[in-house]
Amino acid sequence: MTSLPVIIIGVNPFALEVAHIFQKNEVVVYGFLDDDIKKKDTMIGEIPVLGTTEDDAYWGLIGKSCSVFVALENPTERKKMIELIEEDRGTKPVHAIHPSAQIADVKSLAYGLFIGASSIISPESKLGDHVIIGAGSIVETGAIIESYVQIGAGSVIGKEAQIDKNAFVGIHSTIVGSVKIGKGATVGAGSVVIENIPASKRAFGNPAKIL
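Here goes a summary of the coordinates provided. Just so it is clear, the model here is predicted, and its values are computed rather than measured. (Residues numbered from 1 in each chain as written. Predicted model: local features only at pLDDT ≥ 70, side-chain atom pairs only at ≥ 80, totals over all residues. Heavy atoms only, no water.)

Some remarks on the nonpolar core
Ile145, Ile157, Ile175 and Ile181 are the most contacted members of the largest nonpolar core, which has 27 residues in total. With near-sequence residues (within four places) excluded, Ile181 lies in contact with Gln162, Ile163, Asp164, Ala167, Ile175, Val187, Val193 and Ile197. Among the nonpolar cores identified, the runner-up in size contains 20 residues, and Val11, Phe14, Val29 and Phe114 belong to it. (Core = buried A, V, L, I, M, F, W, Y, C linked by side-chain atoms within 4.5 Å. Buried < 20%, exposed > 50% of the residue type's maximum accessible area, 1.4 Å probe, protein only. Contact = heavy atoms within 4.5 Å.)

Description of the sheet that holds strand β2 (residues 29–33)
One open sheet holds the five strands; their spatial order is β3-β4-β2-β1-β5, and the pairing between them is mixed. Edge positions in the sheet fall to β3 (43–44) and β5 (67–70), since each has one partner strand and no second. Where β3 and strand β4 (residues 47–51) come together, two bridges link them in antiparallel fashion. Residue Ile44 lies in a different strand from β4, and its bridge partner there is Ile47. Where helix α1 (residues 13–24) meets the sheet, it contacts β1 (6–9), β2, β3, β4 and β5, and its direction lies at approximately 170° from that of β2. The strands touched by helix α3 (residues 75–88) are β1 and β5; relative to β5, the strand with the most contacts, the crossing angle is about 160°. (Pairing = 2+ DSSP bridges. Helix = DSSP H or I, 4+ residues; strand = E, 2+ residues; numbered from the N terminus. Axes fitted to C-alpha atoms, helices over the stretch in contact; angles between N-to-C directions.)

Considerations on the pattern of salt bridges
A complete count under the given rule lists three salt bridges for this structure. A salt bridge links Lys39 to Asp34, with the nearest nitrogen and oxygen atoms 3.9 Å apart. A relative accessible area of 26% places Lys39 in the partly exposed class. When its relative accessible area of 11% is taken as the criterion, Asp34 is described as buried. (Salt bridge = Lys/Arg side-chain N within 4 Å of Asp/Glu carboxyl O.)

Honestly, it's all geometry; don't read function into it.
Quick look at the structure:
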């Protein structure tokens, strides 16, 4: 977490969750930036939409007097924005971790994580940069979740399972221990995965089958 005020990139339901977490942690949310100019000067709850990422007056605060979290819902756009911030502003997005989350001593806790309410991160697990862990999820002992993975709310990632970069696991899914989900693969909501899913493939069902 951060002691600086935070600017949140994006105005959407995910961004509201992020703002709520910062507020629960008593971190000041300075405002939102969103590239839809129609949203400028509106209010989301008590938090203003300051402008777009092209507004230098606000963009220039990032890394200087404000921290940042990227809450864009499109994974490709989110990754591009994070890379732009790292290159142009020379800083990395901060964590948004709900105070009710339980996080054990882990092998790696990187940058820009979102960990939702009541999630459990078990010992010896590894979380890469910019991972999203939905509310109520469980990451069991020794699981490895690589960068830019999204885990839907209420999911269970079993012991020593491995989720490769850019993979997506839908809500209320279970990845059985030691199973590997390949890079960019997608697991549909409510699935139970008992076998490896190759890179870029989609799987759904109980037990999950490759589509």
